[in-house]
Amino acid sequence: MSNILIAVYLLIMLGAGWRLFGMAWSRGVKTAAGALLVCPLPMLFLLPALLHPDRPFADILLGLGLVLLLCGTLCLCAGMGVAWMRMRRA
């Protein structure tokens, strides 16, 4: 079940990057919106690990949160890149 949720999260970030590129917003607003889209799920792992580093499995939670943050950011940027490439081709 957790693998499905991670895959859905990454696909949503890919689609969000695609749609975010099509918005007629400034680059700063797009960056802020992208950060607000990517951050909530990784923070569910990062915050408990950072607030209570002495608890068991805190290092695993920290690693999972950082990987989700990195992969979500990459998927968001990949969606924006694909939309940009498609726009240039058309």
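Residues numbered from 1 in each chain as written. Predicted model: local features only at pLDDT ≥ 70, side-chain atom pairs only at ≥ 80, totals over all residues. Heavy atoms only, no water.

1. Digging into the packing of helix α3 (residues 40-51) against helix α4 (residues 58-89)
Reasoning step 1: The geometry of α3 relative to α4 is characterised by a closest axis approach of 8 Å and an angle of 150° between their N-to-C directions. On the basis of the axis angle, α3 is roughly antiparallel to α4. When you trace α3 past α4, the crossing you get is left-handed. Note on element contacts: α4 touches α3 through Ala58, Leu61, Leu62, Leu64, Gly65, Leu66, Leu68 and Leu69, opposite Leu41, Pro42, Phe45, Leu46, Pro48, Ala49 and Leu50.
Reasoning step 2: Of the residues that constitute the contact of α3 with α4, the class distribution is 14 nonpolar, 1 polar and no charged. (Axes fitted to C-alpha atoms, helices over the stretch in contact; angles between N-to-C directions. Helix = DSSP H or I, 4+ residues; strand = E, 2+ residues; numbered from the N terminus. Parallel < 35°, antiparallel > 145°, perpendicular 65-115°, else oblique. Left-handed = near helix turned anticlockwise from the far one by under 90°. Contact = heavy atoms within 4.5 Å. Nonpolar A, V, L, I, M, F, W, Y, C, P; charged D, E, K, R; others polar.)

2. Examining the confidence of the model for the protein chain
If pLDDT is low for a region, its predicted coordinates should not be looked at in detail.
Reasoning step 1: Taken as a whole, the protein chain shows an average pLDDT of 92; of its residues, 99% reach a score of 70 or greater.
Reasoning step 2: Mean pLDDT across the secondary structure elements of the protein chain bottoms out at helix α1 (residues 2-22), with 90, and peaks at α3, with 94. (pLDDT = per-residue confidence, 0-100.)

3. Here we look at a nonpolar patch on the surface
Reasoning step 1: There is a patch of nonpolar side chains on the surface, built from Ile4, Val8 and Ile12 and spanning about 270 Å² of accessible area.
Reasoning step 2: If you trace the backbone, Val8 turns up in helix α1. (Patch = residues over 30% accessible without salt bridge, like charges linked within 9 Å, V, L, I, M, F, W, Y side chains within 5 Å. Areas by Shrake-Rupley, 256 points an atom, 1.4 Å probe, with all protein chains shown as cover. Salt bridge = Lys/Arg side-chain N within 4 Å of Asp/Glu carboxyl O.)

4. A short note on the environment of Ala78
Reasoning step 1: Within the fold, Ala78 resides in helix α4.
Reasoning step 2: For Ala78, a relative accessible area of 35% puts it in the partly exposed group.
Reasoning step 3: C-alpha separation for the pair Ala78 and Trp18, spaced 60 residues apart in sequence, amounts to 8.1 Å. (Buried < 20%, exposed > 50% of the residue type's maximum accessible area, 1.4 Å probe, protein only.)

5. Regarding α4
Reasoning step 1: When the terminal C-alpha atoms of α4 are compared, their 46 Å separation across 32 residues agrees well with the 46 Å that a helix rising 1.5 Å per residue should span.
Reasoning step 2: Among the residues making up α4, those that are buried are Ala58, Gly65, Leu68, Gly72, Cys75, Leu76, Gly79 and Ala83.
Reasoning step 3: As for α4, its buried residues are in contact with α1, α2 (27-38) and α3. (Expected span 1.5 Å × (residues − 1).)

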